[in-house]
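Okay, here's what each chain looks like letter by letter:
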Amino acid sequence: MNQSDIWWHSKGVDKNSIVSILSAFFVFLSFNPFVLWGFSFSDSLKIFFDAFFVLFFLSVFFVVKVNKHFFIVLPLLIIWGGLRFIFLGDDHGLVSFFGWFIKSCFVLLLPTHIIYKSGFYFGLLLSFFGLFSILGFLTIFFYGYFPGEFALINPYKNKSLLDQNYIGFYFGSYLDYLKTCNSGFCVVRMNGPLDEPGLWGTLCSLYLVSDRLDLRPMRNKVILISGILTFSLAFYLIIIVSSVLINYRRFIYLFVLLGLSSVFLIFINKEYFFALLFDRISIDSVIFQRGAGPLITPLIDGDLHEFVFGHGYLSSLEIAPGASSWIVHWYEGGLALIFATFFVYASIFLFYKKTFSSIYFFPVILVSFIQRPEIVWIGYLYLSLLSLRPDQFKSKSDK
């Protein structure tokens, strides 16, 4: 036992628990909940958060040992970051690279036992906001609004121009244009604490998959229901695909549950249901969804160099502002960036456990990549490491 361990022990403090709780909290904040942007959005606030993040993790490594497996993944991480931010980029891309790289390194450097232990606290955070999301949905369903709701700041110019506004309530939010009412009842896609229902649905589904779809803990039941109420195609697909890979019996149960939620939505508003889910399940929707269609022609008509290495960081904003499909990664970083994404995750799953034990999580994270390509990022890296958690790191209350 070293001097640091003796000091913590003399104070009666479990340093691993403290580091795990704070790590879960900081990872959650990295998903940019509305408490960071909905009340006072500014660049200075983001800079303050990033600086606080760095200082926290620097102090962590004086308390716990670093994960040596990180140094095996490091070369692939640098290659990915170079392709994403630096190659053909400007000074802004270089600054973005360092911000992304430092935060990603800290997460990958955390010891696995800290990652595993923090999963319980991260789940508690999700279930806390998920509970209010469920309460918000039920209140709006019966009354049409949530008492005391208020307008949040909209930091996205595209949404503002389209008059798509954020409405906040106690520990939750939703977009007003996603609310539909029929026969005295209202349905709305819930954002949870995030800026889009699809992002909240993706986060809920990936956490559940990282916990092997274990629905025995109450927190996971809450997260599942909250994810369903996003009516997110990504949530539905990830849950169905993962349940087939993990446990076919659970697949039947979850398939029935998701099917009932779809039937419920059809009864409320059939057109709304088909617009949200059914109409998006097509080849055209998968390729051109989320405003990335205008990027296809420049990709096809461009030269081989741009096809392989892309047009540069944020170059898609000139043609398709607001797009967030996987096509954006192809256009900005080329096929090289897409392959680098696959290799980063393959190396994490292979080297962090010295076995491909989380084979089920690999295709699931790639399903997420189709709609939300920024998966080589602190939040998704954390969830991928969490999926490697053995059963002995589960809380006793989970069993």
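Residues numbered from 1 in each chain as written. Predicted model: local features only at pLDDT ≥ 70, side-chain atom pairs only at ≥ 80, totals over all residues. Heavy atoms only, no water.

Student: How should the state of the cysteines be read in this particular structure?
Tutor: Each disulfide consists of one covalent bond between the sulfur atoms belonging to two cysteines. Using the criterion set out here, one finds one disulfide in the structure. One disulfide in the model links cysteine 181 with cysteine 186; its S-S distance is 1.9 Å. Taking the sign of the S-S torsion, about 100° here, the bridge from cysteine 181 to cysteine 186 comes out right-handed. Residue cysteine 181 is classed as partly exposed on the basis of its relative accessible area, which comes to 47%. (Disulfide = S-S within 2.5 Å. Buried < 20%, exposed > 50% of the residue type's maximum accessible area, 1.4 Å probe, protein only.)

Student: Help me out: how do you make sense of the packing of helix H7 (residues 112-143) against helix H19 (residues 378-386) in this one?
Tutor: The packing of two helices is summarised by the inter-axis angle and the distance between the axes. Two numbers describe how H7 lies on H19: the axes approach to 9 Å, and their chain directions differ by 110°. As summarised for this structure, H7 and H19 are arranged roughly perpendicular, according to the angle between their axes. At the point where H7 passes H19, the crossing takes the left-handed sense. For the pair H7 and H19, contact is made by Ile115, Tyr116, Ser118, Gly119 and Phe122 and by Tyr382, Leu383, Leu385 and Leu386, respectively. Considering only residue class, the contact of H7 with H19 consists of seven nonpolar, two polar and no charged. (Axes fitted to C-alpha atoms, helices over the stretch in contact; angles between N-to-C directions. Helix = DSSP H or I, 4+ residues; strand = E, 2+ residues; numbered from the N terminus. Parallel < 35°, antiparallel > 145°, perpendicular 65-115°, else oblique. Left-handed = near helix turned anticlockwise from the far one by under 90°. Contact = heavy atoms within 4.5 Å. Nonpolar A, V, L, I, M, F, W, Y, C, P; charged D, E, K, R; others polar.)

Student: Just checking my understanding: could you explain the packing of H7 against helix H10 (residues 218-228) for this structure?
Tutor: Here H7 crosses H10 at 50°, and the two axes come no closer than 8 Å. Looking at the two axes, H7 sits oblique to H10. Pair H7 / H10 crosses with left-handed handedness. Contact residues: H7 offers Phe120, Gly123, Leu124, Leu126, Ser127, Gly130, Leu131, Ser133 and Ile134, while H10 offers Arg219, Val222, Ile223, Ile225 and Ser226. Considering only residue class, the contact of H7 with H10 consists of eight nonpolar, five polar and one charged.

Student: Please clarify how the confidence of the model for the protein chain should be interpreted in this entry.
Tutor: Caution applies to low-pLDDT regions: their predicted coordinates should not be interpreted in detail. Looking at the protein chain, pLDDT values average 79 and 81% of them are 70 or higher. Averaged over each element, pLDDT in the protein chain is lowest for helix H1 (residues 3-10) (46) and highest for H10 (93). Here residues 2-12 is modelled with pLDDT under 50, and outside its nearest four sequence neighbours on either side it reaches eight contacts, counting other chains as well. Of the regions scoring below 50 in pLDDT, residues 395-399 engages in eleven contacts with residues more than four places distant in sequence or in other chains. (pLDDT = per-residue confidence, 0-100.)

Student: I'm lost on helix H17 (residues 326-351) in this one. Help?
Tutor: Since the α-helix packs 3.6 residues into each turn, any two residues three or four apart lie on the same face. For H17, spanning 26 residues, the distance from its first C-alpha to its last is only 26 Å, which falls clearly below the expected 38 Å at 1.5 Å a residue. The largest bend in H17 amounts to roughly 120° and is located at glycine 333. (Expected span 1.5 Å × (residues − 1). Bend = angle between axes of the 7 residues up to and from the residue.)

Student: Which parts of the structure should I look at to understand the packing of aromatic side chains?
Tutor: Ring pairs (aromatic) are described by centroid distance and by the angle formed between their planes. All chains considered together, the criterion is met by 35 aromatic pairs. Here the aromatic rings of tryptophan 80 and tryptophan 100 are separated by 5.1 Å at their centres, their planes lie at 40°, and the arrangement is tilted. Taken together, the residues tryptophan 80 in helix H5 (residues 70-86) and tryptophan 100 in helix H6 (residues 91-109) connect sequence positions 20 residues apart. A single burial state applies to tryptophan 80 and to tryptophan 100, both of which are buried. Members of the aromatic cluster, joined through ring pairs, are Trp80, Phe85, Phe97, Phe98, Trp100, Phe101 and Tyr313. Over the face of the ring belonging to phenylalanine 85 we find arginine 84, whose NZ or CZ atom lies 5.8 Å from the ring centre. (Phe/Tyr/Trp six-rings, centres within 6.5 Å; stacked < 30°, edge-to-face > 60°. Lys NZ or Arg CZ within 6 Å of the ring centre and 35° of its normal.)

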